[in-house]
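Report on the structure
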Amino acid sequence: MTERWSRDQVLALAPDAASQKAAGGVSAPRKWSAMGVSGPALWGECAGSGSKPYQACVDLSEPAYRCSCPSRKFPCKHALGLLLLWSADGVPPAAEPAPWAAEWFDQRAARAEKAAEKKAAEKKAAEKKAAEKKAAEKKAEPSAAKPDEGRARQREERVTAGLAELERWLSDQVASGLSDARQTGLAEWSDLAKRLVDAQAPGLAGTFSGLTRVFRDENWPGRLLGEYAMVHLLAVAHRRAAELPGDLRDTVRQRVGYQVPKETVLALPPIRDEWQVIALRDEERDRLLSRRVWLHGRATGRVALVLSFAPPGQPLDASLVLGTRVDADVSYYPGAAPLRALIADRYGAAVPARAPASGVTVEGVPQLIADVLTRDPWTDSWPLVITGARVGRDGKEWCLLGDSGQGLRLHPSAGDPWKLIAVSGGHLVTVAVEWTPDGLRPLTTWDDNDEVVVL
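Residues numbered from 1 in each chain as written. Predicted model: local features only at pLDDT ≥ 70, side-chain atom pairs only at ≥ 80, totals over all residues. Heavy atoms only, no water.

A look at the overall build of the chain
Rules: Starting at the N terminus, helices and strands are each numbered in turn, a helix being any DSSP run of H or I of at least four residues and a strand any DSSP run of E of at least two. The globule rule used here is 2.2 Å times the number of residues to the 0.38 power, and the radius of gyration it is set against is calculated over C-alpha atoms. Using a 1.4 Å probe on the protein chains alone, a residue whose accessible area is under 20% of its type maximum counts as buried, one over 50% counts as exposed, and one in between counts as partly exposed. Any two residues having at least one pair of non-hydrogen atoms within 4.5 Å are treated as being in contact. Computed with the Shrake-Rupley method and a 1.4 Å probe, the accessible areas treat only the protein chains shown as cover for residues. Neither His nor the chain termini are counted; the positive set is Lys and Arg, and the negative set is Asp and Glu. For this purpose, a charge sits on NZ of Lys, CZ of Arg, CG of Asp or CD of Glu.
Within the chain, the secondary structure is distributed over 12 helices and 16 strands. Over its C-alpha trace the chain gives a radius of gyration of 25 Å, about what one expects of a compact globule, namely 23 Å for 455 residues. Dimensions of the chain, computed from C-alpha atoms along their principal axes, come out at roughly 70 × 70 × 45 Å. Within the chain, the proportion of its 455 residues that are buried is 42%. Within the chain, counting contacts between residues at least 6 apart in sequence, those at least 24 apart form 62% of the total. For the chain, the computed accessible surface area is about 24,200 Å², with 52% contributed by carbon and sulfur atoms. Distance between charge centroids for the chain: 4 Å, based on 60 positive and 59 negative side chains.

Right, here's the structure in full:
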């Protein structure tokens, strides 16, 4: 039988806060009938407003969901409610799934087999195509420009021109001073972001779209000057890209906004490890949902960030469950300080991770972050697992404190970290956080039973 998840693990799968609340309303045993769990199969019938109950089932090995309700949210409140009931040991074991649930599992198995066959065929075709392309390139005339190469050259020219204009604009800003930025900055940044999008440099455009955050700082002129300096450094690095090491050049291009195809990432040598899902967070920006999943390698100690996106109403990838670990190949996007990654291949189903991830002490964090910034100075966030920490204050600020009394301040958005304080009970804890220049964002911690708790 699959080991049960905690309530926090289940709620982390919800597409939004409203779904979490609705799931709580349908997690009462009296609402369910004909339910059971057998291995990775979980199913049940939930009473609704009509005469016929909704049939919900979950494949716990991925996870995957199916429900007969008309909801467009994924997973729906019924699947989440059933999972909450199961997490509370409220679903009885059964020898085999109900017929309607068994039919769904059989269909999934058939689709998985076809998908595996298709993947193998695509890999073989890709290898053949690459070999043919290589042979054709050897025969081609050196002067014969290919259409793709022409488009790539045109984009390079547009980006180069756009960044040259950006350098001039930054020089003018520093020369004239920053005192008027509160009044004129928003309009200027919006216009500049549009021009950078036109120049096909969306990464830099996004930087200017979020610059209003600097005004939250009392020393906003210094903060703004620092932001301008980092943008200028990126523009100069792009202009002198030919002089950079290959991994740093990859970082610069991605920061500017060049996309790396998934096929290219998956073709790079992967890293196999038992990857523990240490944190998960959903966000909505510009009517696009994103899910950030942080992984920690059990043997390598490396961290990875897996991103997925979906328009409103569409499901995000839910294949990585908080508090579990999976034996898998992970392929990193190229760069000087690789973090974003893709799951290439899995070797078996995910299993509960019954212990906190290993990490670094509070005293070791500054050097670790310094090493990251040395490789990629534009890094603005980095996942960490901090061990042996306690929650306390350093003056007016909440911090994670180490044995030496050294403190790392928490991000202002953390507010008063009462949940973390309650879990720790004044004792040392292991905490997964996101480092930012403004402080640490607490993500998860582990309680006395080594169960993951969302902060």
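Moving on from the coordinates now.
As for the confidence of the model for the chain
Just so we agree on the cut-off: Residue-level confidence of the predictor, termed pLDDT, takes values from 0 up to 100.
Of all residues in the chain, 96% have pLDDT values of 70 or greater, and the mean over the chain is 90. Here helix 4 (residues 99-139) stands out as the element of the chain with the lowest mean pLDDT, 79, in contrast to helix 11 (residues 365-375), whose mean of 97 is the highest.

What about the sheet that holds strand 2 (residues 41-46)?
Filter applied, for reference: Here, a strand pair is defined by DSSP locating no fewer than two bridges between the strands. Throughout, an axis means a line fitted to C-alpha atoms (over the contacting stretch in the case of helices), and angles, computed between N-to-C directions, take values from 0 to 180 degrees.
With antiparallel pairing, the four strands of this open sheet are ordered in space as 1-2-3-4. On the outer flanks of this sheet lie strand 1 (32-38) and strand 4 (64-67), each paired with one strand and no other. Neighbour to neighbour, the strand axes of the sheet diverge by 10 degrees on average, direction disregarded. Note: strand 2 against strand 3 (residues 54-59), six bridges, orientation antiparallel. Among the inter-strand pairings, Cys-46 is bridged to a residue of strand 3, identified as Tyr-54.

Structural notes on the side chain of Asp-8
To keep it simple, the criterion reads: Salt bridges are counted wherever a side-chain nitrogen of Lys or Arg sits within 4 Å of a carboxyl oxygen of Asp or Glu.
Positionally, Asp-8 belongs in helix 1 (residues 7-11). Salt bridges are absent for the buried Asp-8, whose nearest opposite-charge side chain, Lys-419, sits at 4.1 Å. Apart from residues lying up to four places away in sequence, Asp-8 is in contact with Lys-419, Val-452, Val-453 and Val-454.

What about helix 6 (residues 181-198)?
This is how the line gets drawn: One less than the residue count of a helix, multiplied by 1.5 Å, gives the span that helix is expected to have.
Along its 18 residues, helix 6 runs 24 Å from first to last C-alpha, staying within 8% of the 26 Å computed at 1.5 Å per residue. Of the residues one or two after helix 6, Gln-200 is the one with positive phi, at around 65 degrees.

Here we look at the environment of Arg-302
Inspection of the secondary structure assignment puts Arg-302 in the loop between strand 6 (288-297) and strand 7 (303-310). Not counting chain neighbours up to four residues away, the residues in contact with Arg-302 comprise Ile-271, Trp-275, Leu-295, His-296, Gly-297, Tyr-332 and Pro-338.

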